[in-house]
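# Structural overview
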Amino acid sequence: MRLLHYMFFVFLMTGISNAQQVQVTGKVTDDQSLTLPGVNIVIKGSTTGTQTDFDGKYTILASVGDILVFSYVGFETSEEKITAQSRIIDIKMKPSAAELEEVVITGYVSGVQRQTMSYSVSNKESERKRSRKQKIRPGVQNRSMSSPGISNKSTIRGVGSMTKGDQPLYIVDGVPIDSKDVSVVKAIDANKISKVEVLKDQKAASVYGSKARHGCIIITTHSGNYKVQNDESYTEIVENDFKRVMTAPLSTFSIDVDKASYSNIRRMINNGIKIPADAVKIEEMINYFDYAYKQPTGEHPFAIHTEYAATPWNLETQLVKIGLKGKEIPQNKIPPSNLVFLIDVSGSMSDVNKLPLLKKACKLLVNQLREKDKVSIVVYAGAAGLVLNPTSGANKHKINQALQNLKAGGSTAGGEGIELAYKIAKDNFIKNGNNRVILATDGDFNVGMSSDKDMKTLIEEKRKSGVFLTCLGFGMGNYKDSKLETLADKGNGNHAYIDTMQEAQRVLGKEFGGTLYTIAKDVKIQVEFNPGKVQAYRLIGYENRLLADEDFVDDTKDAGELGSGHTVTALYEVIPVGVKSKYIKDNSKLKYTSSKANKEYGDELLTVKFRYKKPQEKKSIEMVHVLNIMDNTVASQDFNFAASIAWFGMKLRNSKYSKNQKIEDIIVLARANKEKDEQGYKAEFVRLMNSYHGL
């Protein structure tokens, strides 16, 4: 009997030990000890996971015996087993020889034309114990199958091997998938998949035609009616051309502090998606990064910095950099905030990188609120409604609980939501305070007022109330960049794309003040070039921000806003006098206008003027800055790094003005000038280009 009791005690203690949970914390770095934000950490065989934060740190609750899987684009996957002593697990990830994962299914058994992989989900009460089981029939080798979902690159090889770049045809629930939508298929949640079948090239072609000549991957979901949606929209961009200084001496545009394009491009590269040219806004790519611009010291809320040097992609031209640095306002000096979260809870927001990510991101902002700040929450789907009355920032639990309770479902009445959000903001308006609507959505408005034109008209009317607008874009597949850009541009606000918690930490954590507090509005730039030094010029980027020359002095014309601590950088490529260039088009001779340059300003390359308004005022203030030839020195690292970003953007757009499109040269320039990179963003840019190089 005593032996029976002892055996029962051992069995009980073993069960307790196996079920023991441990809170594991740690830090993830690369082989050079740089922190890696956004690393995915998943308990192997489950859907439970987390990501490293802005400082590369993570916390996860796991059971003894669990295996933590660490994965990050461009690095080898690492695994660590949890023991009873595991408390702190620091990981140093090694760069991967292969920039993206590759799945190769090989070794078909003779006479077997079709192999099957099935996915099953155990029915456990705990979501943490949900797992995906793969069953692969003999004769099929599966290497580096990504989890969850399907790998970033798939190749099927039969007896006659194919070239590495050949991609199979994907079919989801009986519907063939266009090649441009393959990335969306690869992002399907594994828990939604019932079965995956693989057909060899000859068999696939005989069933599905020539499109399946490289094999076929057939995916069946549990619902049987999965809709592959990839109707992202972007405003058309027509690249700026060179203009002759003698006939067009002025260049006028509105500033753009938005950075959405870079994070969106990063998402596409990480997911192996082909990047649409119109998604590439070079100015937003450049402005994503921090530069060592000095703080303003005078009466104006920003400082001006200029320099120029040879153009790296065309040694016959020169590059001019114009930089603005906004005054940094300490958080405790920012006026009280009246914030209205306007959150899209429609059916299109159900994906994990939409509403679930959105709720976590908003908590980062809530954690920084003060007692004098107040938050309201408006949601919209088929209709709009108020789910949280104005609540003090001191009551963070109540605000976070309201966020946590949000669920996705229904259609998208965006116009109705905007109307209600602005009404709440106006009803609770704080005089001389920071009054702002924060719209968080994928931009898929489909009920009521929904077109870009309708939204533009609505927001132009609402901005008269003195309420500013911030647009946060989430998700993929139906992300409406064009609509969110229009809303932010016309609503005296800014626009960010949040693809990971790393980006949420940057936008709503590190740059909280700049994102939410405007120090100057309607900021315009006008550059006049000296025809004695410059034959022609072109503005790189800002195509959707161009203004008529006369708009510069017109205070009724809307322009961009500058937030606390924000930087704005603009690049001009110029053709010096005396240089022959195929980019300069011939003009007929002018009869009434002098074509002789004024030599009185011989040492001046250009004059740049700035106009801005204080946030609550209607009259503009003007600043003037002159760039002299004598100001030219050795190009700074900031100059060269910004040039490398513009160069890469031109490559993505297949620009006709890039004489050298070798990505190896772009990478060399960026890598050599990525100093002062405490947060690791510049190193990440180099890694992204290496990943793109492998696509």
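In this text the structure is predicted, and so the values were computed from the model without any measurement. (Residues numbered from 1 in each chain as written. Predicted model: local features only at pLDDT ≥ 70, side-chain atom pairs only at ≥ 80, totals over all residues. Heavy atoms only, no water.)

### A few points about the nonpolar core
- Counting 70 residues, the largest nonpolar core has Phe289, Val437, Leu487, Phe648 and Phe685 as the members making the most contacts within it.
- The dominant element in this core, judged by the number of residues it contributes, is helix H13 (residues 637–652), at 10 residues.
- With residues up to four places along the chain from it excluded, the contact list for valine 437 reads Val340, Leu342, Ala421, Tyr422, Ala425, Val467, Phe468, Leu469 and Thr470. (Core = buried A, V, L, I, M, F, W, Y, C linked by side-chain atoms within 4.5 Å. Buried < 20%, exposed > 50% of the residue type's maximum accessible area, 1.4 Å probe, protein only. Helix = DSSP H or I, 4+ residues; strand = E, 2+ residues; numbered from the N terminus. Contact = heavy atoms within 4.5 Å.)

### Thoughts on the side chain of aspartate 522
- Residue placement: aspartate 522 occurs in strand S27 (residues 518–529).
- Discounting residues that sit within four places of it in the chain, aspartate 522 has contacts with Asn492, Lys557, Asp558, Ala559, Gly560, Glu561, Arg611, Tyr612 and Lys613.

### A closer look at empty space enclosed by the protein
- Evaluated as defined, the whole model comprises six cavities of 30 Å³ or more.
- Space inside the largest cavity adds up to approximately 130 Å³.
- The wall of the largest cavity is formed by 13 residues, among which Lys259, His495, Ala496, Glu511 and Thr515 lie closest to the centre.
- When the residues that make up the lining of the largest cavity are grouped by side-chain class, the tally is four nonpolar, four polar and five charged. (1 Å grid on protein atoms, 1.4 Å probe; cavity = no way out; pocket = protein on both sides within 12 Å on 5 of 7 lines; lining within 4 Å. Points joined across faces, edges and corners; volume = space filled by probe spheres on them. Nonpolar A, V, L, I, M, F, W, Y, C, P; charged D, E, K, R; others polar.)

### Re the pairing of strand S16 (residues 216–221)
- Across the six residues that make up S16, a large majority, five, are buried.
- The pairing of strand S13 (residues 169–172) with S16 spans four bridges and is classified as parallel. Bridging across to S16, leucine 169 finds its partner in cysteine 216.
- Bridge analysis of strand S15 (residues 193–199) against S16 gives six bridges, and the strand direction is antiparallel. For glutamate 197, the partnering residue across the bridge sits in S16 and is isoleucine 218. (Pairing = 2+ DSSP bridges.)

### Focus on the pattern of salt bridges
- Taken as a whole and judged by the stated rule, the model has 23 salt bridges.
- Where aspartate 258 meets arginine 545, a salt bridge forms, and the shortest distance between an N and an O atom there is 3.2 Å. With a gap of 287 residues between them, aspartate 258 in the loop between strand S18 (250–254) and helix H4 (260–270) and arginine 545 in the loop between strand S28 (534–540) and strand S29 (560–563) connect regions that are remote in the sequence.
- Salt-bridge contacts for arginine 370 lead to aspartate 373; the nearest nitrogen and oxygen are separated by 2.9 Å. The pair arginine 370 / aspartate 373 is uniform in exposure class, with both members buried.
- Each member of the salt-bridge network shares a partner with another, and the members are Arg266, Asp499, Glu503 and Glu684. (Salt bridge = Lys/Arg side-chain N within 4 Å of Asp/Glu carboxyl O.)

### Looking at the packing of helix H14 (residues 663–672) against helix H15 (residues 681–693)
- Contact geometry of H14 with H15 gives a least axis separation of 10 Å together with a crossing angle of 170°. Comparing their axes, H15 and H14 come out roughly antiparallel. Only Phe685, Val686, Met689, Asn690, Tyr692 and His693 of H15 make contact with H14, whose side of the interface consists of Ile663, Glu664, Ile666, Ile667, Ala670 and Arg671.
- Here the residues of the contact of H14 with H15 sort into eight nonpolar, two polar and two charged. (Axes fitted to C-alpha atoms, helices over the stretch in contact; angles between N-to-C directions. Parallel < 35°, antiparallel > 145°, perpendicular 65-115°, else oblique.)

### Focus on the packing of aromatic side chains
- Per the counting criterion, the structure on display carries 23 aromatic pairs.
- Here the guanidinium or amino end of lysine 682 rests over the ring plane of phenylalanine 641, the centre of that ring lying 5.1 Å away. (Phe/Tyr/Trp six-rings, centres within 6.5 Å; stacked < 30°, edge-to-face > 60°. Lys NZ or Arg CZ within 6 Å of the ring centre and 35° of its normal.)

### Focus on the side chain of serine 261
- The topology assignment puts serine 261 in helix H4.
- Taking relative accessible area as the criterion, serine 261 reaches 2% and is therefore assigned buried.
- Of the polar contacts made by the side chain of serine 261, one reaches the backbone oxygen of alanine 279; its length is 2.7 Å.
- Not counting the four nearest positions on each side in its chain, serine 261 is found in contact with Ala279, Val280, Lys281, Glu284 and Met285. (Polar contact = N/O pair within 3.5 Å; in protein donor to acceptor, adjacent residues only side chain to side chain.)

### With respect to the sheet that holds strand S6 (residues 78–81)
- Read across the open sheet, the four strands follow the order S3-S2-S5-S6; overall the sheet is antiparallel. Looking at which strands have only one partner, the edges of the open sheet turn out to be strand S3 (49–51) and S6. Taking the axes of each pair of neighbouring strands and ignoring which way they run, one obtains an average angle of 20° across the sheet.

### Some remarks on the environment of glycine 417
- The topology assignment puts glycine 417 in helix H8 (residues 414–427).
- Residue classification places glycine 417 among the buried positions, given a relative accessible area of 0%.
- Spatially, the C-alpha atoms of glycine 417 and leucine 439 are 9.4 Å apart, while their sequence positions differ by 22 residues.
- Excluding residues within four positions of it along the chain, glycine 417 makes contact with Leu342, Val378, Tyr380 and Ala384.

### Here's the deal with the sheet that holds strand S4 (residues 57–63)
- With mixed pairing, three strands are arranged side by side in an open sheet as S4-S1-S7. In this open sheet, the two edge strands, each paired with only one partner strand, are S4 and strand S7 (91–92).
- With two bridges joining them, strand S1 (residues 21–29) and S7 adopt parallel strand pairing. Of the residues in S7, the one forming a bridge with valine 28 is isoleucine 91.

### Brief notes about the packing of helix H6 (residues 355–366) against helix H7 (residues 396–404)
- Viewed as axis vectors pointing N to C, H6 and H7 meet at an angle of 165°, and their least axial separation amounts to 10 Å. It follows that H6 is roughly antiparallel to H7 by the angle criterion. You can see that H6 and H7 cross each other, and the crossing is right-handed. Facing H6, whose interface residues are Lys359, Cys362, Lys363 and Val366, H7 presents Lys396, Ile399, Asn400, Leu403 and Gln404.
- Grouping the constituent residues of the contact of H6 with H7 by class yields four nonpolar, two polar and three charged. (Left-handed = near helix turned anticlockwise from the far one by under 90°.)

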